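Survey of secondary and tertiary structure
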Amino acid sequence: MRDIKSIVANNISELRLLNNMTQLELAEKLNYSDKTISKWERAESSPDISVLIDIASLFGVTLDYLAKEDHTEEDKLEEKSEKKRYNRKAIEYISESGCWIIAIFAFIITTLILKRVTFQFLYFIYTLPVVLIVKLVFNSIWFNPRHNYYIISALMWSILASIHITFLHFSVNVALIYLLGCAGQLVIVLCTFINKPKKLK
């Protein structure tokens, strides 16, 4: 029988691959470096018990599962894990699509009722920030929180663009508003360095 370190290493690797996750993605979720994950999977070192609990929780298994070499319900675990992952993605995409459907509906109604109005295109401009907010919420709850920095960055620029385009529609140029975006982007970049990945000694 293999030693416990090799068994845990193999189980971590299998669970990661089962969930279509790279070593870097797993590292980001656990707030460790991908090199540390690689060492765990090669059995060069082992995560401590608190990290094993996090790994078990992340993949929806027990600590006992991580320490066992033979799993009688491995196929069931794979089906459950994959189904859960795709269900969450489906919910996210449906919610985002709902935002665009509402925008299209508002565009049609406004065009039919207020025929002389020309601002209807702004519905689609404003929908983009709303969609990004929805994506941010779902990513924070179910997916990789470290990707929030990219989403927040896109959200900030989309809001600034929406404001700029709105003012342009009324013949007012507020292009200088993008200077706020530069300052905001700097803050976002600096925030990415706050939670640096942990490394095993």
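Structure shown above.
Right, let's walk through the structure included here. Note on numbering: residues in each chain are counted from 1, in written sequence order. Only residues with pLDDT of at least 70 get local features here, since the model is predicted, and only at 80 or more are side-chain atom pairs given and counted; chain-wide, interface and lining totals rely on the full set of residues. Working from all heavy atoms in the structure, the side-chain values ignore hydrogens and water.

This brings us to unusual backbone geometry. Here Asn20, not a glycine, exhibits a phi torsion of approximately 50 degrees, which is positive. Here a strand is any run of E in DSSP of at least two residues, a helix any run of H or I of at least four, and the numbering for each starts at the N terminus. Considering the arrangement of structural elements, one finds Asn20 in the loop between helix H1 (4-18) and helix H2 (23-30). When accessible area is computed with a 1.4 Å probe and restricted to protein chains, residues below 20% of their type maximum are described as buried, those above 50% as exposed, and intermediate ones as partly exposed. Under the relative-accessibility criterion, Asn20 is labelled partly exposed at 45%. One non-glycine residue, Asn31, adopts positive backbone phi at about 65 degrees. The topology assignment puts Asn31 in the loop between H2 and helix H3 (34-41).

Expected span of a helix: the number of residues minus one, times 1.5 Å. With 21 residues, helix H7 (residues 122-142) extends 31 Å between its outermost C-alpha atoms, agreeing within 8% with the 30 Å of an ideal straight helix rising 1.5 Å per residue. For H7, every residue scored as buried is listed here: Leu122, Thr127, Pro129, Val131, Leu132, Val134, Leu136, Phe138 and Asn139.

The subject of this paragraph is the pattern of salt bridges. Put simply, a salt bridge is a Lys or Arg side-chain nitrogen that is within 4 Å of an Asp or Glu carboxyl oxygen. Under the definition given, this model contains six salt bridges. For Glu44, the salt bridge identified is with Arg42, shortest N-O distance 2.8 Å. Since its relative accessible area comes to 47%, Arg42 is described here as partly exposed. Ionic pairing is found between Glu92 and Lys89, a salt bridge with its closest N-O pair at 3.9 Å. Of this pair, Glu92 and Lys89 both sit in helix H6 (residues 74-113), three residues apart, roughly one helical turn. For Lys89, a relative accessible area of 28% gives the class partly exposed.

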